[in-house]
Structure formats: C-alpha cells, structure tokens
Amino acid sequence: DAAGVITGHARVNLRFPSATAGVALDGTAQFEGPVAHAYGYAARDVVANARLDGRRIELEARAAAYGGQATTRGFIQRPARTGDQVVLSLAGRVAGIDLRQLPPELAVPPLDTAITGAYTVEGPVSHVRLTTTLEASIVEGAQLTDGLTAEFQRASEGYTFTATGTIADLDLPRLGEGLDLQA
C-alpha cells in the first residue's frame, strides 16, 4: 500500500524511454523534508538522493526514524518481471534504534533496544541478510559491548540469527518474553 504523506522539497528529473508497459525509467531525484510516511514506513528529517538507471536505484539517504538516526548508501534493484523480487544492497549506520518502533510488516521481534552500529543489507527480500558490527548497545536491558557482530538471515523456512561478542546483564526471562518464547 503506497498510502502516505510526504512533506518537503523535491527535485526530480526523469526520462521515460517509451510508454511501453514495464519499461524502466532513468533520471535523478533529490528530497529534503521534515516528514515522509509511505508503504508503512515513517521517517523525519529526511535527506535523500537517488539515481534511477533502468531497474536499478542508486540511493544515499539519512533520516531520523524508529527512535534513532540512520544512514544508508547502495542500491535497490526493482524486479524485471512479475514474480521476481526486489534485491537490496545497502550499507550504513544506525544510532539509538528501538525495534519496538519498527513497522509490523517487517516481522522483527519488538524488543526494547537502543542499537548503534554499522550494517549491510544484501539479497532478495525473501532471503535478505543483515550483518552488523555494533557499538555499545542495549537489548532488553542487556549491555552489548563495542565490536559485537551479528547476522540475521531471512529464508523461506524462517529466520536465523548469529552473534559474537560480549554481553552483560542478560535477563533470559525478559529476553524470552520479548521474543515470545515459551518457558
């Protein structure tokens, strides 16, 4: 659903190679504004630059969202035909992100967090892989130390998560409740 509200200043230069259905467009777009809500996502203080080249969208952006700040740089590849998937290749930084504030469509556990660090997101959306190296962060009251690495993978049979690093003050019942795990 594309319903949303976007407020700000935009500059768009597009070229439509033909009116044939499915033909991609080329051009550039810049946006700067106080608010952008669309497709179930929301951000504030948005600054974004994009270059469209056929199905590929090169993107560089920064915004405040979900309790913190985020930057991203990379590309989004639109599907070539019906049934194909969007492919992501993005990298950036987050600071102070609270997973409880993410859109429910992402199906991310609503954990009480303050996550800060660098990330990459790669792959088709049905099998997307997120890798991160954190700075000092908090997950359900547990202290994650600087340098902790983690990988989250979405797959047709579910999700996988791995992490390596140092953690303090982990309350297993609290984390289990946040993950909706049965005791």
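These lines cover the structure that appears in this document, whether it is placed above or below. (Residues numbered from 1 in each chain as written. Predicted model: local features only at pLDDT ≥ 70, side-chain atom pairs only at ≥ 80, totals over all residues. Heavy atoms only, no water.)

### Here we look at the overall build of the chain
Moving on, step 1. The number of helices and strands found in the chain is one helix and 13 strands.
Moving on, step 2. The secondary structure elements of the chain, listed N-terminal to C-terminal, are β-β-β-β-β-β-β-β-β-β-β-β-β-α.
Moving on, step 3. Judged by the C-alpha coordinates and their principal axes, the chain covers about 60 × 35 × 30 Å.
Moving on, step 4. By the burial criterion, 31% of the 183 residues in the chain qualify as buried.
Moving on, step 5. Long-range contacts, defined here as pairs at least 24 residues apart, represent 38% of the contacts in the chain between residues at least 6 apart.
Moving on, step 6. Carbon and sulfur atoms provide 57% of the accessible area of the chain, an area that totals close to 11,300 Å². (Helix = DSSP H or I, 4+ residues; strand = E, 2+ residues; numbered from the N terminus. Buried < 20%, exposed > 50% of the residue type's maximum accessible area, 1.4 Å probe, protein only. Contact = heavy atoms within 4.5 Å. Areas by Shrake-Rupley, 256 points an atom, 1.4 Å probe, with all protein chains shown as cover.)

### Looking at the side chain of Thr113
Moving on, step 1. Inspection of the secondary structure puts Thr113 in strand 7 (residues 113-124).
Moving on, step 2. In this view, Thr113 contacts Ile97, Asp98, Leu99, Ile138 and Val139; residues no more than four positions away in its chain are not counted.

### Some points on the pattern of salt bridges
Moving on, step 1. Applying the stated criterion to the full structure yields eleven salt bridges.
Moving on, step 2. Where Arg73 meets Glu60, a salt bridge forms, and the shortest distance between an N and an O atom there is 3.6 Å. Of this pair, Arg73 sits in strand 5 (residues 68-77) while Glu60 sits in strand 4 (residues 56-65); the two residues are 13 residues apart in sequence, bridging distant segments of the chain.
Moving on, step 3. Among the residues examined, Arg73 registers a relative accessible area of 55% and is labelled exposed.
Moving on, step 4. Of the charged contacts in the structure, one is a salt bridge between Arg129 and Glu151, with a shortest N-O distance of 4.0 Å. Of this pair, Arg129 sits in strand 8 (residues 129-134) while Glu151 sits in strand 11 (residues 149-155); the two residues are 22 residues apart in sequence, bridging distant segments of the chain.
Moving on, step 5. Overall, the relative accessible area of 34% leaves Arg129 in the partly exposed class.
Moving on, step 6. Residue Glu151 is classed as partly exposed on the basis of its relative accessible area, which comes to 31%.
Moving on, step 7. Members of the salt-bridge network, linked through shared partners, are Asp98, Arg100, Asp112, Glu140 and Arg174. (Salt bridge = Lys/Arg side-chain N within 4 Å of Asp/Glu carboxyl O.)

### What to know about the pairing of strand 11
Moving on, step 1. The pairing of strand 8 with strand 11 spans five bridges and is classified as antiparallel. What sits directly across from Thr132, in strand 11, is Ala150.
Moving on, step 2. Relative to strand 12 (residues 158-164), strand 11 runs antiparallel, the two sharing seven bridges. Within strand 12, the position partnered with Arg154 by the bridge is Tyr159.
Moving on, step 3. Here strand 11 folds back onto strand 12, and the loop between the two strands holds two residues. (Pairing = 2+ DSSP bridges.)

### Describing the packing of aromatic side chains
Moving on, step 1. This model, assessed by the stated rule, comprises one aromatic pair.
Moving on, step 2. Between Arg56 and the ring centre of Phe75, over which it is positioned, the NZ or CZ distance is 3.6 Å. (Phe/Tyr/Trp six-rings, centres within 6.5 Å; stacked < 30°, edge-to-face > 60°. Lys NZ or Arg CZ within 6 Å of the ring centre and 35° of its normal.)

### Description of unusual backbone geometry
Moving on, step 1. Residues other than glycine seldom take positive phi values, yet Tyr66 does so here, at roughly 55 degrees.
Moving on, step 2. As for its position among the elements, Tyr66 is in the loop between strand 4 and strand 5.
Moving on, step 3. Taking the relative accessible area as the measure of exposure, Tyr66 reaches 16% and is therefore buried.
Moving on, step 4. Of note, the phi angle at Glu140 is positive, near 45 degrees, even though the residue is not glycine.
Moving on, step 5. With respect to the helices and strands, the residue Glu140 is situated in the loop between strand 9 (137-139) and strand 10 (142-144).

### Observations regarding the side chain of Ser89
Moving on, step 1. Checked against the element boundaries, Ser89 lands in strand 6 (residues 87-97).
Moving on, step 2. Overall, the relative accessible area of 16% leaves Ser89 in the buried class.
Moving on, step 3. Polar side-chain contacts of Ser89 include one of 3.1 Å to the side chain of Glu122.
Moving on, step 4. In this structure, Ser89 is in contact with Arg73, Gly74, Phe75, Val121 and Glu122, ignoring residues within four places of it in sequence. (Polar contact = N/O pair within 3.5 Å; in protein donor to acceptor, adjacent residues only side chain to side chain.)

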